[in-house]
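# Fold and geometry: a report
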Amino acid sequence: LMQLAIPLNFIGFIYREIRQGIADIEAMFTLLGEKPEIVDAPGARALVVSGGTVAFDNVVFAYDPERVILKGISFEVPAGKTVAIVGPSGAGKSTLSRLLFRFYEVTSGRITVDGQDISKVTQASLRSAIGMVPQDTVLFNDTILYNIRYGRPEASDEEVREAAQMAQIGHFVEMLPMGFKAMVGERGLKLSGGEKQRVAIARTILKAPPILILDEATSALDTNTEREIQAALDRVSRGRTTLVIAHRLSTVINADEIIVLEKGEIRERGTHGDLILQGGLYATMWNRQREAAEAEERLRAVREED
Ligand code: ATP
């Protein structure tokens with residue numbers, strides 16, 4: 001019986017590894033609602049990142065041929081700079097980030113990293129150069145330690161802890177009875193959207209990629225959580241080429257360039273100051289959000305008086 005136990009144990013181990021791998025890919029594509037279809041071009045080479053400049057060059061894209069989502073988008077994120085994409089719901093903002101990660105192939109035009117067309121390099125090399133903090137992070141049914149270390153499997157416990165501190169989740173984890181060994185996911189501790197996002201940020205801090213994609217959560221977070229996440233994101237994006245898909249305008253004020261996307265076209269572009277002066281769509285969106293924030297503030301003040 002003992003002779004059988006070892007191979008069975010081993011099969012269990014393999015099964016767990018495979019299941020985790022599948023969970024990962026599935027989680028990604030469930031999020032996107034699509035099946036993986038992208039293959040490496042014959043003779044594809046590894047991407048060589050020098051500074052990490054990202055460029056979209058007249059990119060046209062359609063999920064379905066009869067409905068064009070992006071209608072010729074060109075912009076550049078210079079190495080180490082931050083570009084924020086804003087615009088109404090359905091404008092195509094998240095689609096830009098999916099194309100940069102090459103979950104889909106552009107219909108025409110091209111996307112380059114340091115001058116190399118991303119459709120001509122290996123997917124593995126492209127994805128190892130990019131860190132993605134998605135809107136909605138799916139965690140593995142495993143420990144917090146495992147979930148953070150996933151960013152760089154060879155990282156030490158100490159490095160995982162440091163990343164958690166930087167992502168403003170370390171304190172929360174240390175308060176848990178099992179600490180970093182606490183199980184999360186479906187069969188473990190249920191984390192809030194904000195906590196999950198901070199685990200994803202810690203994972204990305206460990207991965208330390210030259211290029212970052214931050215897709216802000218649309219769901220409302222309380223002011224404190226939002227501030228903590230913002231601080232964590234500012235820290236991780238410092239010195240890295242960053243593309244932010246922004247839903248809250250408060251997070252884009254310091255971007256080097258803001259691109260206002262509407263119905264798949266660039267409607268306005270510039271810094272926060274430029275766009276406010278222009279008095280166009282961005283200025284309108286800004287005023288509307290500010291009014292909403294002020295109204296909320298007044299409401300809270302009234303409640304506190306009661
Ligand atoms: P939001 O601010 O609401 O997140 P967004 O600007 O990020 O919106 P996208 O998610 O890029 O918008 O979607 C742009 C358009 O593409 C939408 O009309 C959406 O319905 C469509 N779309 C998104 N994903 C798919 C898909 N997998 N298949 C077909 N159409 C899609």
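The structure under discussion appears in the preceding block.
Description of the structure in this document. Source: prediction; values computed, not measured. (Residues numbered from 1 in each chain as written. Predicted model: local features only at pLDDT ≥ 70, side-chain atom pairs only at ≥ 80, totals over all residues.)

## Quick notes on helix H2 (residues 93-100)
Threshold: As a rule, residues whose C-beta atom has 12 or fewer other C-beta atoms within 10 Å are exposed, those with 20 or more are buried, and those in between are partly exposed; C-beta atoms are placed from the backbone. Note on conventions: DSSP H or I runs of at least 4 residues are helices, E runs of at least 2 residues are strands, and numbering of each starts at the N terminus.
Of all 8 residues in H2, 6 are buried; the element is thus mostly enclosed. Taken together, the buried positions of H2 are Lys93, Thr95, Leu96, Ser97, Leu99 and Leu100. Arg102 sits one or two residues past H2 and shows a positive phi near 60°.

## Considering the sheet that holds strand E1 (residues 54-64)
Heads up, the rule is: What makes two strands pair is DSSP finding at least two bridges between them. C-beta atoms are placed from the backbone for every residue, and two residues are taken to be in contact when these atoms lie within 7 Å. To get an axis, fit a line to the C-alpha atoms, keeping to the stretch in contact for a helix; angles then go from 0 to 180 degrees between the N-to-C directions.
Spatially, the 4 strands line up as an open sheet ordered E2-E1-E4-E5, and their pairing is antiparallel. Two strands in the sheet have a free side with no partner beyond their single neighbour: strand E2 (67-77) and strand E5 (116-117). H2 contacts E1, E2 and strand E4 (108-113) of the sheet and is inclined by roughly 110° relative to E1.

## Observations regarding the environment of Ile144
Mapped onto the fold, Ile144 is located in helix H4 (residues 144-149). With 27 C-beta atoms counted inside 10 Å, the residue Ile144 sits in the buried group. Taking the C-alpha atoms as reference, Ile144 lies 37 Å from Leu261; in sequence the two are 117 residues apart. When sequence neighbours within four positions are dropped, the list of residues in contact with Ile144 reads Val173, Phe180, Ala182, Val184 and Val199.

## A look at the packing of helix H7 (residues 193-207) against helix H8 (residues 223-237)
Applied cut-off: Between 65 and 115 degrees an angle is taken as roughly perpendicular, under 35 as roughly parallel, over 145 as roughly antiparallel, and anywhere else as oblique. Residue polarity is assigned by list, with Asp, Glu, Lys and Arg as charged and Ala, Val, Leu, Ile, Met, Phe, Trp, Tyr, Cys and Pro as nonpolar; anything else, Gly included, falls into the polar class.
Running from N to C, H7 and H8 cross one another at 10°; their axes reach a closest spacing of 10 Å. Taken together, the axes of H7 and H8 lie roughly parallel to each other. For the pair H7 and H8, the contacting residues are Gly194, Gln197, Arg198, Ile201, Thr204 and Ile205 in the first and Thr225, Ile229, Ala232, Leu233 and Val236 in the second. Of the residues that constitute the contact of H7 with H8, the class distribution is 6 nonpolar, 4 polar and 1 charged.

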